[in-house]
Amino acid sequence: MFKKRLVWILGLALFSLFFGAGNLILPPQIGFLAGPEWWLVGLGFTISAVLIPMLGILAHARLQGTMFDFAKKASPALSLVYCYLIYGIALGLPAPRTASVTHEMAIAPFFNLPPVATSLGYFGLVLLFVINRSKVSSLIGKWLTPVILAVLLLLIGSITLYHGGALGPSTFENSVSAGILEGYQTFDAIGAVVIGGVILISLNLEAPGLDFKERFRTIAGAGFLAALALMLLYAGLIYSGALMFGEAEAGITRTGLLRALSVRALGPGGQVFLSILIGLACFTTAVGIVTGASDFIKDRFGGSQKAYLVTAILGCLAGVVMGQLPVGLIIAVALPVLMLVYPLTIVLIFMNVIPPTWAPAFAMRVVCGVTLLFSLPDFLGSLGLWEGGNLPPALSAIPLAGYQMGWLLPALVAFGLTHLWFAVRPKASMEQGT
């Protein structure tokens, strides 16, 4: 009974740590733009914002270490650079974005406060939660997540059950790939390698007597619950956005559409419910990011509580500074970084989910190197290097390059070739496979 209760608490906490600003403001707009193809967009969004992140949680359950273990087999140096880069991105972009969204949609409509005042109060509360590390998963899983779920279900249910409007035409050339790329913006694959560590440490604090297999089953069960909740709610939000055709102008912003959706569903009081939802969803994600970064630095400094506290304070200060930027600008800045780091993160998740004998050190080095190489065109393109946004002919010939996923097939080929090499050279496998 205790273990089942623990799975539910961790599952709800995991859902809440994932479900932040991007997870709320992105789905309605892609549904609005997809029209009758909302389910195709939803499929793509589910792949990048649910399936891959939950594989990341499963990878954590297999490793039962820190983020450093994700790339350590390929190269300890690469792993260290990757970890600091990921935590730097998380503290510099998605965490401040939660404060920006909270101010724009939950504070500014009701109070005449400057953004800096919101950020100071917001990250002050985040710091309070992070300092009380041992209670994070319990507080979020037992108290904050049920409120988030209740408001979400009220919002989605109101507009889908009582709306009889027609769906508009799709504006996407390929709805599935558009959904996948939009799912990148949730940061959830990156979030998985951060939040998975938070959940693992929380589990060890909540139930220190569990063995490896019990911890694996508990984390995997919590991941399944969180994935199911995220998938259903994303589908509801995307479909709700599609139903707003004719009731919102074509060029409406992400946040503007969400605000219009809440008013359409719940009337004039919808803004109040939306503000509660925004504030809680963003807050839990920020707590997860700062806690994860602090846990990592604490581990790098031999379990130093002082290192944990200093990192938490610096992370919250960074959130205050970056939180002064508009939401749209933060998202625009995030895209080039994601084009380079996200593919590597996906590959590392995949290589750590499959059986260890399928992912020897040599294979991990080759696949990671190829992934980084073939991610460069998308990274440079997102910086505006290519004229008109079109890839040069030599690069556009790469399969899936037109969908900004030119790294995928080369990474799969590299994975296959390394295994073919090991198959025909068993001695090489013995020497390079550890």
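Our structure is the block above this text.
Figured I'd write up the structure that's included with this text.

Cut-offs used in this document
- Residues numbered from 1 in each chain as written.
- Predicted model: local features only at pLDDT ≥ 70, side-chain atom pairs only at ≥ 80, totals over all residues.
- Heavy atoms only, no water.
- Helix = DSSP H or I, 4+ residues; strand = E, 2+ residues; numbered from the N terminus.
- Rg over C-alpha atoms; globule rule 2.2 N^0.38 Å.
- Buried < 20%, exposed > 50% of the residue type's maximum accessible area, 1.4 Å probe, protein only.
- Contact = heavy atoms within 4.5 Å.
- Areas by Shrake-Rupley, 256 points an atom, 1.4 Å probe, with all protein chains shown as cover.
- Lys, Arg positive; Asp, Glu negative; His and termini not counted.
- Charge placed at Lys NZ, Arg CZ, Asp CG, Glu CD.
- Axes fitted to C-alpha atoms, helices over the stretch in contact; angles between N-to-C directions.
- Parallel < 35°, antiparallel > 145°, perpendicular 65-115°, else oblique.
- Left-handed = near helix turned anticlockwise from the far one by under 90°.
- Nonpolar A, V, L, I, M, F, W, Y, C, P; charged D, E, K, R; others polar.
- Salt bridge = Lys/Arg side-chain N within 4 Å of Asp/Glu carboxyl O.
- Core = buried A, V, L, I, M, F, W, Y, C linked by side-chain atoms within 4.5 Å.
- Expected span 1.5 Å × (residues − 1).
- Arc of directions from axis to C-beta.
- Disulfide = S-S within 2.5 Å.
- Phe/Tyr/Trp six-rings, centres within 6.5 Å; stacked < 30°, edge-to-face > 60°.

**Focus on the overall build of the protein chain**
A tally of helices and strands in the protein chain yields 19 helices and zero strands. Here the C-alpha radius of gyration of the protein chain, 21 Å, is about what a compact globule of 434 residues would show, namely 22 Å. When its C-alpha atoms are laid out on the principal axes, the protein chain stretches across 70 × 55 × 40 Å. Out of the 434 residues belonging to the protein chain, those deemed buried represent 54%. A sequence separation of at least 24 residues applies to 83% of the contacts in the protein chain between residues at least 6 apart. Surface summary for the protein chain: the accessible area is close to 18000 Å², and the carbon and sulfur share equals 71%. Considering the protein chain, the positive charge centre built from 22 side chains and the negative charge centre built from 16 side chains are found 14 Å apart.

**Thoughts on the packing of helix α3 (residues 38–63) against helix α11 (residues 212–242)**
Axis separation between α3 and α11 bottoms out at 9 Å; the angle between their running directions is 165°. The orientation of α3 relative to α11 falls into the category roughly antiparallel. Crossing geometry of α3 relative to α11 is assigned as right-handed. Split into classes, the residues belonging to the contact of α3 with α11 amount to 21 nonpolar, three polar and one charged.

**Observations regarding the packing of helix α6 (residues 94–107) against helix α13 (residues 270–300)**
Direction vectors running N to C along α6 and α13 enclose 165°, while the axes themselves pass 9 Å from each other. In this view, α6 runs roughly antiparallel relative to α13, as classed from their interaxial angle. Regarding α6 and α13, the two cross each other, and that crossing is left-handed. Here P94, A95, T98, V101, T102, M105 and A106 of α6 lie close against α13, whose contacting residues are Q271, L274, S275, I278, G279, C282, T285, A286 and I289.

**A look at the pattern of salt bridges**
Side chains carrying opposite charge are able to pair once their charged atoms draw close together. Within the structure shown, the criterion is met by four salt bridges. Taking the shortest distance from any N to any O, the salt bridge between K72 and D69 comes out at 3.0 Å. Of this pair, K72 and D69 both sit in helix α4 (residues 68–72), separated by three residues, roughly a single helical turn. Residue classification places K72 among the partly exposed residues on the basis of a relative accessible area of 39%. The salt bridge partner of R133 is D295, with a shortest N-O separation of 3.1 Å.

**Examining the nonpolar core**
F19, V126, L152, Y184, I278 and M351 are the most contacted members of the largest nonpolar core, which has 132 residues in total. Those residues in contact with Y184 that lie beyond four places of it in its chain are S48, L338, M339, Y342, I346, M405 and W407.

**Quick look at helix α18 (residues 408–424)**
Relative to the 24 Å expected for 17 residues at 1.5 Å per residue, α18 spans 25 Å between its end C-alpha atoms, a close match to the ideal helical length. Every buried residue of α18 is accounted for by P410, A411, A414, F415, T418 and F422. Relative to the axis of α18, the buried residues are bounded by an arc of 140° and lie together on one face. The exposed residues of α18 that point more than 90 degrees off its buried face are L417, A423 and V424.

**Structural notes on the state of the cysteines**
Applying the stated rule across the entire model yields zero disulfides. Not engaged in a disulfide, the cysteine C83 finds its nearest cysteine sulfur in C368; these two sulfurs lie 12 Å apart. C83 gets classed as buried once you look at its relative accessible area, which sits at 0%. You can see C316 has no disulfide; the closest cysteine sulfur is in C282, sitting 15 Å from it. A relative accessible area of 5% means that C316 is categorised as buried.

**With respect to the side chain of S48**
Checked against the element boundaries, S48 lands in helix α3. With residues up to four places along the chain from it excluded, the contact list for S48 reads P53, G179, I180, G183, Y184 and Y342.

**Quick word on the packing of aromatic side chains**
Applying the stated criterion across every chain yields a total of 10 aromatic pairs. Between F45 and Y234, the aromatic rings sit 4.9 Å apart at their centres with planes inclined by 85°, giving edge-to-face as the arrangement. Taken together, the residues span a long stretch of sequence, with F45 in helix α3 and Y234 in helix α11 at a distance of 189 residues. In terms of burial, F45 and Y234 fall into one category: buried. Between F350 and F415, the aromatic rings sit 5.4 Å apart at their centres with planes inclined by 75°, giving edge-to-face as the arrangement. Taken together, the residues F350 in helix α15 (residues 327–353) and F415 in helix α18 connect sequence positions 65 residues apart.

**Some points on helix α12 (residues 254–266)**
Taking 1.5 Å as the rise per residue, α12 with 13 residues should run 18 Å; its terminal C-alpha atoms sit 18 Å apart, in good agreement. Looking at α12, one finds that the buried residues are T255, G256, L257, L258, L261, S262 and A265. If you follow the buried residues of α12, they end up packed against α2 (21–34), α6, α8 (136–161), α11 and α13.

Function cannot be inferred from these measures alone, as they are strictly geometric.
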